[in-house]
Structure formats: structure tokens, C-alpha cells
Amino acid sequence: MSKFGMRSFVATMVAAAGVGGTVLCSAPAHAAELSQNGFPLISQDQTVEWSVNGVTFWTAPGAPTEKLQAFVTWFDAAIEPVSLGNGDDWSWAEPALVPPSNVSYSNHGSGTAIDLNLERHAGQGASGTFTPEQASAIAAKAAELGLVWGGSWTDIPDEPHIELAHL
Ligand SMILES: [Zn+2]
């Protein structure tokens, strides 16, 4: 998740599922709108599906997919496997489920953000879930690829989260 709250997102997902999943329509309700990093919100049928180590991700076509796939492939080999699955990793999310909080739509709504190994890295607010060596390597790889790592946020760290830098 982005800086906007994993717990509230999960609660929203559970609530949405409870009304029969009708929220998960394919039409983008906010097609002309942008997520926080300046990319347009998209529907799931506009995403590209790909997998690393058995875990499937959905991300925006073009540079977002190229960069995020390169990052996850590297992370899986160099940091730790992403193979846990079962909701432990996140990518695109229906924009209606990640509504603007105080600023703008989550970058998950534009398919330009992913979360890796949430169970190990606890999500928003947790810090120090990677060793200093791992954190340095992640930050360096993110910078190399034009990505932003949520673990570098000093206000509310989000160590599982990686996203495309602002356009
Ligand atoms: Zn995230």
C-alpha cells in the first residue's frame, strides 16, 4: 500500500467483498484522474499480468511494468523470495478501493506500485524490518530503476512498498 493505510485498505476490501464484489467492475470510474505520482488510474483489464517465483502481479503497461518486474526479479534473487503469496504481495488495486485520503489516489490504483512480503515487513509504519545492508541495497536498486521505496519515507515508512517515481 502507499502511505494511505494498509489497515483501512484491507478493511475496505473486506467490506467490498461482503457486498458481493460488485465494486470490482471493469470500467474505470476515474479514468481521467491521476494517482499521487501522476500516472492515470486504470482498470484491471488495462494492466499487464506477470509473475515472479509463482506470485502474480498486475501493473500498468510500459515503463511501470518493466521497472517493477525488474525490481521484483532482483528482490526475489538478492533480498528474499516473494513466493509466500496468499495476499502477501499486492500490485494493482481497483481505484474505488484505494480512494483518495487526504491528498490523492494511491499509486496502486494506477498500477504503478507493489507491496512485497507484507507479512514479513508489516506494512505502513514499521521500520527496521530489513537489515541495514538489505535496506541500502533496496534503496540503491530503486534509485537505479527510477523507483521510490516506501522504506525511505521518514514520516510513515512503508517497507514492503515500491512505486514509480512521480512523472
Ligand atoms: Zn503499497
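What you see is a predicted model, and the numbers here were worked out from it, not measured in a lab. (Residues numbered from 1 in each chain as written. Predicted model: local features only at pLDDT ≥ 70, side-chain atom pairs only at ≥ 80, totals over all residues.)

A word on the overall build of the chain. Helix and strand counts for the chain stand at four helices and five strands. Seen in sequence order, the chain has helices and strands lined up from the N terminus as α-β-β-α-β-α-α-β-β. Put simply, the chain has 167 residues, and 40% of those count as buried. Within the chain, contacts between residues at least 6 apart in sequence are counted, and of these 66% link residues at least 24 apart. (Helix = DSSP H or I, 4+ residues; strand = E, 2+ residues; numbered from the N terminus. Buried ≥ 20, exposed ≤ 12 C-beta atoms within 10 Å, placed from the backbone. Contact = placed C-beta atoms within 7 Å.)

What follows deals with the environment of W149. Tracing the chain through its elements places W149 in strand β4 (residues 147-149). Sequence-wise, W149 and A139 are 10 residues apart; in three dimensions their C-alpha atoms are separated by 6.4 Å. The contact partners of W149, leaving out residues within four places of it in the chain, are I138, A139, A142 and I162.

A few words now on helix α4 (residues 132-145). With 14 residues, α4 extends 20 Å between its outermost C-alpha atoms, agreeing within 8% with the 20 Å of an ideal straight helix rising 1.5 Å per residue. G146, located one to two residues past α4, shows a positive phi value of around 75°. (Expected span 1.5 Å × (residues − 1).)

This brings us to the nonpolar core. Judged by nonpolar contacts, the single largest core of 28 residues is most densely connected at F71, V72, I114, A142, L147 and I162. Those elements that place two or more of their residues in this core are β2 (55-59), α2 (63-78), β3 (113-115), α4, β4 and β5 (161-164). Apart from residues lying up to four places away in sequence, F71 is in contact with K141, A142, L145, L147 and I162. (Core = buried A, V, L, I, M, F, W, Y, C linked by C-beta atoms within 7 Å.)

Looking now at the sheet that holds β4. The sheet built from three strands is open, its strands ordered β3-β5-β4 with antiparallel pairing. One side of each edge strand has no neighbouring strand; the edge strands of this open sheet are β3 and β4. Direction aside, the axes of adjacent strands within the sheet are offset by 20° on average. Pairing of β4 with β5 involves three bridges; the strand directions are antiparallel. Across the sheet, W149 pairs through a bridge with I162, a residue of β5. Taken strand by strand, α4 contacts β4 and β5, and its axis lies near 155° from that of β4. (Pairing = 2+ DSSP bridges. Axes fitted to C-alpha atoms, helices over the stretch in contact; angles between N-to-C directions.)

A few words on the environment of K141. Its place among the elements puts K141 in helix α4. Spatially, the C-alpha atom of K141 lies 7.3 Å from that of F71, the residues being 70 residues apart in sequence. Setting aside chain neighbours within four positions, we find K141 in contact with F71 and W74.

The predicted coordinates ought not to be read in detail in places where the model reports low pLDDT. Model confidence for the chain is summarised by a mean pLDDT of 81, while 75% of its residues fall at 70 or above. Of all helices and strands in the chain, the one with the weakest mean pLDDT is helix α1 (residues 6-18) (39), whereas α2 scores best (98). Across residues 2-27, where pLDDT falls below 50, the model places 35 contacts with residues more than four positions away in sequence or in other chains. (pLDDT = per-residue confidence, 0-100.)

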